[in-house]
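One-letter residues, chain by chain:
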Amino acid sequence: CFSDLASLKMGVRTLSEALQLSDECRVITTGSAPFNIVHTNKAWSKLTGFKFTEVANRSNSFLQGPHTEAKLVERMRAASEKGETTRVRVVNYDRYGTPFYNSIEIFPLRDMAGKLTHYCGVLHGEDIPDGVVPPIDRKPEELFGSTSGSSTDPDEEEETAAAASGWPAAAAGRGAGRVKRLRRGGHVTLQEALDNTEDAVVMTQPHPPYAITHVNAPWCEMCGYTLEEVEGLSSSILQGAETDEALLSELMASVRRGESSSATLVNYKKGGARFLNQVHIQPVFNQNDEVDQFMAMLHEVDEKERPPHAAPAAAKKAGRRGERA
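Visitor: So what about the overall build of the protein? Which residues, and what values?
Guide: When helices and strands are tallied, the protein shows 12 helices and 11 strands. Per-residue burial for the protein yields a buried fraction of 49% across its 325 residues. Summed over all atoms, the accessible surface of the protein reaches about 15,900 Å², with 50% contributed by carbon and sulfur.

Visitor: Residue-level account of the nonpolar core, with values.
Guide: Nonpolar side chains in soluble globular proteins generally cluster together in the buried interior. Core analysis: the largest hydrophobic core is formed by 51 residues, its most contacted members being W44, F62, V215, W219 and L298. In terms of residue count, helix 11 (residues 245–256) provides more of this core than any other element does, five residues in total. If near-sequence neighbours (up to four positions away) are discounted, F62 is found in contact with I37, W44, F50, V55, R138, L143 and F144.

Visitor: Can you tell me about the side chain of T48, naming the residues and giving the values?
Guide: Of note, T48 is situated in helix 2 (residues 42–48). Polar contacts involving the side chain of T48 include one to the main-chain amide nitrogen of F50, which spans 3.3 Å. The contacts of T48, once residues within four sequence positions are left out, are L63, D94 and R95.

Visitor: Which residues make up helix 4 (residues 70–82), and what values do they have?
Guide: Compared with the 18 Å implied by 1.5 Å per residue over 13 residues, the 19 Å span of helix 4 between its first and last C-alpha is a close match. Along helix 4, the residues classified as buried are L72, V73, M76, R77, A79 and S80. The arc enclosing the buried residues of helix 4, seen along the axis, measures out at 165 degrees, which places them on a common side. Facing away from the buried side of helix 4, by more than 90 degrees, are the exposed residues A70, K71, E81 and K82. Considering only its buried residues, helix 4 is in contact with strand 3 (86–93), strand 4 (99–110) and strand 5 (116–127). Looking one or two residues past helix 4, G83 carries a phi angle of roughly 70 degrees, positive in sign.

Visitor: Help me get a handle on the confidence of the model for the protein, residues and values and all.
Guide: With 78% of its residues at a pLDDT of 70 or more, the protein shows a mean pLDDT of 83. A low-confidence stretch, residues 2–8 (pLDDT under 50), is modelled with 15 contacts involving residues beyond four sequence positions or located in other chains. The low-confidence segment residues 146–181, where pLDDT is below 50, has 60 contacts with residues more than four positions distant or belonging to other chains.

Visitor: Could you give an account of unusual backbone geometry, naming the residues involved and the relevant values?
Guide: Cis geometry is adopted by the peptide bond preceding P34, which originates at A33 and carries an omega value of 5 degrees. When you line up the elements, P34 lands in the loop between strand 1 (25–30) and strand 2 (37–40). Omega for the peptide link from P208 to P209 comes to 5 degrees, which places this bond in the cis form. In this structure, P209 sits in the loop between strand 7 (200–204) and strand 8 (212–215). You will see that N57, though not glycine, has its phi angle at about 70 degrees, which is positive. Checked against the element boundaries, N57 lands in the loop between helix 3 (52–55) and helix 4. Overall, the relative accessible area of 27% leaves N57 in the partly exposed class. With a phi angle near 65 degrees, D289 is a residue other than glycine that sits in the positive phi range. Positionally, D289 belongs in the loop between strand 10 (274–285) and strand 11 (291–301).

Definitions and limits used
- Residues numbered from 1 in each chain as written.
- Predicted model: local features only at pLDDT ≥ 70, side-chain atom pairs only at ≥ 80, totals over all residues.
- Heavy atoms only, no water.
- Helix = DSSP H or I, 4+ residues; strand = E, 2+ residues; numbered from the N terminus.
- Buried < 20%, exposed > 50% of the residue type's maximum accessible area, 1.4 Å probe, protein only.
- Areas by Shrake-Rupley, 256 points an atom, 1.4 Å probe, with all protein chains shown as cover.
- Core = buried A, V, L, I, M, F, W, Y, C linked by side-chain atoms within 4.5 Å.
- Contact = heavy atoms within 4.5 Å.
- Polar contact = N/O pair within 3.5 Å; in protein donor to acceptor, adjacent residues only side chain to side chain.
- Expected span 1.5 Å × (residues − 1).
- Arc of directions from axis to C-beta.
- pLDDT = per-residue confidence, 0-100.

Structure below.
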């Protein structure tokens, strides 16, 4: 992520483009104040030192510090208010208080109707020579009130984030950034899938090897992985000895046909802990109504809730051998 501003590409114009796997440092926020973060990528984490689960549903104001130029922050705020692309070079601070020059270009992302839905920031970091800007004493574990982006008082959290980002609380509005659970089986858009912060969601490319492009905070909490660990990998990281591969193949065949499908599978968390996963997989459509991603919503269930068809493949084979005997 450390490069010259001149190396910026043509830009990011759609949510589909913003979610593509990239070596660029990218952050996606909601399209209205307080511009809460809904996605970061591995390159962004490497530059800033923060993990996605730490910053999800927060504004980007935590990157600011005493030498962050207020006029440049105001320029970004004014451009965002107008839905315009903007480019600035500003002093920011990483997780540990080390300052760096951040050449950031912010792109408004719109749907087919022209409605602004999100912003994508593309960051390019440059080292600041020693002695030019002093570091700040920042304790990462104390930077946020908790280790996740959630708050015991969401309204208070919104007003605080809005104020820090330069927006009045009234502009943010009560409930900004909160979404309802997706209805299974419906026509789901990229915007709806990305803004779902209630279900455990993983999104992948719609073609083999189905590389992971996004996981949300509930998915990370359930499975034990961070977004940075799994970006670019496949969901096979959750598979193990008792995962029914035949049933999984049926699920993938359905979603490739553009159909949603559900099943209960044995999966494994980071570290090998076994869990029963009631998974729903469905295609996600871009602004051109084309299948752009596959999305899986995970729900951990008790073993007693396991339907007969969800028996692991090994058990099914054993059962067939018993019948032949």
